[in-house]
Amino acid sequence: MLLTLVLVGCSGGGSPEALTGYIEAEYVYISALETGWITASAVREGDRVSPGQVLLTLDSERQTLELNEATQRAVQAQAQNRDLRSGARPEELTRLDAQLAEAKSALRLAAIELRRLRGLRSKGAVSEAALDKADAEYRASKARVESATAAISVAKLPARQEAVLAAKAAAEAASAVQAKAQWRLDQRQLTARQAGLVTAVYYRQGEQLPAGSPALALLPDDGLKVRFFVPQSRAVEFSPGTAVGIRQDGSADTIRATVSYLAEQVEFTPPVIYSVANREKLVFMVEARLPAHSQLHAGQPVDVELL
């Protein structure tokens, strides 16, 4: 019986200082901002993807129409802004120049007629009323010349400052709406933001993807970590930045990992931790970040020890 107890006590695998842990994965779930029908699916489970790679495409007819409308409204607003800044068109200025020339001709005739009647009036050949009428016609012709000159000056000026500012703001708002419509159209293609492995595809080509629902799960290259629990008496040994060795069953190789998190609060030993060496009741949870492409799998049990 004594020999049997000794053999059982010596049969535990790994170093007496080794801790029991398990591999945990931090998945990235790819979803769409708006619902839509999946028109093309470019990846399957097990595919490796790189940043910027297209994962799937949604129908985009409505977004394309909205972009076309926003583009036309932006063009219209920009044209109105330029029109208010540039003043009258060349055709309008030509018409105003013709009106000014006509007014000047009438003024010259009125001046000649006024001088002639003044000479006749001095000789008593015409009445005072005829002279007053000629003088009034001269003044009216002079006023028409001044009015035509002022009209040309005003036509060459841009619109009022307030109108110009309003047109500028409208053009900028239309450009922003156009950019927003372009952005919504671009979102109809779901792309990978980082390199990784496609671990699950939840929706496929021909299915409707609800807004916000994951279409697929992606495991980044650095998405694995090991989680283990240390007795409260050894917690100071596992501060963030500490190097630890990870060993999986059936392999003599040790994978180097770095402690990234040490829990702030102590807790009771989780029921899944059955290691004889870790039977202390109070433990701290520790997480260590694994290097990329570590060839480990989520949920896999491992031994952890300090390096």
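Residues numbered from 1 in each chain as written. Predicted model: local features only at pLDDT ≥ 70, side-chain atom pairs only at ≥ 80, totals over all residues. Heavy atoms only, no water.

### Here we look at the overall build of the chain
- Regarding its fold elements, the chain presents five helices and 15 strands.
- Relative to its 307 residues, the chain shows a buried fraction of 32%.
- Roughly 19,000 Å² of accessible area belongs to the chain as shown, and the carbon and sulfur atoms make up 56% of that amount. (Helix = DSSP H or I, 4+ residues; strand = E, 2+ residues; numbered from the N terminus. Buried < 20%, exposed > 50% of the residue type's maximum accessible area, 1.4 Å probe, protein only. Areas by Shrake-Rupley, 256 points an atom, 1.4 Å probe, with all protein chains shown as cover.)

### Concerning the sheet that holds strand 6 (residues 189-191)
- With antiparallel pairing, the four strands of this open sheet are ordered in space as 6-5-3-8. In the strand order of this sheet, the two ends are held by strand 6 and strand 8 (208-209), each with one partner.
- Strand direction decides the pairing type here: strand 5 (residues 54-58) and strand 6, joined by three bridges, are antiparallel. Following the sheet pairing, valine 54 is matched in strand 6 by threonine 191. (Pairing = 2+ DSSP bridges.)

### Description of helix 5 (residues 161-186)
- Taking 1.5 Å of rise per residue, the 26 residues of helix 5 would be expected to cover 38 Å, and the 38 Å separating its terminal C-alpha atoms lies within 8% of that figure.
- Of all the positions in helix 5, only Val164, Ala167, Ala171, Ala174, Ala181 and Arg184 are classed as buried. (Expected span 1.5 Å × (residues − 1).)

### Regarding the environment of alanine 150
- You can see alanine 150 is positioned in helix 4 (residues 128-156).
- Along the backbone, alanine 150 and leucine 96 are 54 residues apart, and their C-alpha atoms lie at a distance of 10.0 Å.

### Things to note about the sheet that holds strand 4 (residues 48-49)
- Pairing within the open sheet is antiparallel, and its four strands lie in the order 2-9-7-4. Across the chains shown, the open sheet's two edge strands, defined by having one partner strand only, are strand 2 (28-31) and strand 4.
- Across two bridges, the pairing between strand 4 and strand 7 (residues 196-201) is antiparallel. Bridging from a neighbouring strand, arginine 48 pairs with leucine 197 of strand 7.

### Observations concerning the side chain of arginine 227
- Position of arginine 227 relative to the elements: it lies in strand 10 (residues 224-231).
- For arginine 227, a relative accessible area of 17% translates into the label buried.
- Separated by 3.1 Å, the side chains of arginine 227 and glutamate 24 make a polar contact.
- In contact with arginine 227, not counting residues within four places along its chain, are Gly21, Tyr22, Glu24, Met285, Val286 and Glu287. (Polar contact = N/O pair within 3.5 Å; in protein donor to acceptor, adjacent residues only side chain to side chain. Contact = heavy atoms within 4.5 Å.)

### Quick notes on the packing of aromatic side chains
- Using the criterion set out here, one finds two aromatic pairs in the structure.
- Ring centres 6.4 Å apart and planes at 50° place the aromatic pair tyrosine 27 and tyrosine 29 in the tilted group.
- Under the relative-accessibility criterion, tyrosine 27 is labelled partly exposed at 35%.
- According to the relative accessible area criterion, tyrosine 29 is partly exposed, its value standing at 46%.
- Measuring from centroid to centroid gives 5.6 Å for phenylalanine 228 and phenylalanine 238, while their planes differ by 70°, and the two rings are edge-to-face. Separated by 10 residues along the polypeptide, phenylalanine 228 in strand 10 and phenylalanine 238 in the loop between strand 10 and strand 11 (243-248) bring together distant segments of the chain.
- Residue classification places phenylalanine 228 among the buried residues on the basis of a relative accessible area of 0%.
- Given the relative accessible area of 0%, phenylalanine 238 is considered buried. (Phe/Tyr/Trp six-rings, centres within 6.5 Å; stacked < 30°, edge-to-face > 60°.)

### Re the nonpolar core
- Residues Phe228 and Ile246 are the most contacted members of the largest nonpolar core, which totals 22 residues.
- Mapped onto this core, the elements with two or more residues apiece are strand 1 (19-25), strand 10, strand 11, strand 12 (255-262), strand 14 (282-289) and strand 15 (301-306).
- Here this core takes four residues from strand 10, the largest share from any one element.
- Grouped together as the second largest cluster of nonpolar side chains are 16 residues, Val43, Leu55, Leu216 and Leu218 included. (Core = buried A, V, L, I, M, F, W, Y, C linked by side-chain atoms within 4.5 Å.)

Such coordinate-based values are descriptive only and should not be taken to indicate function.
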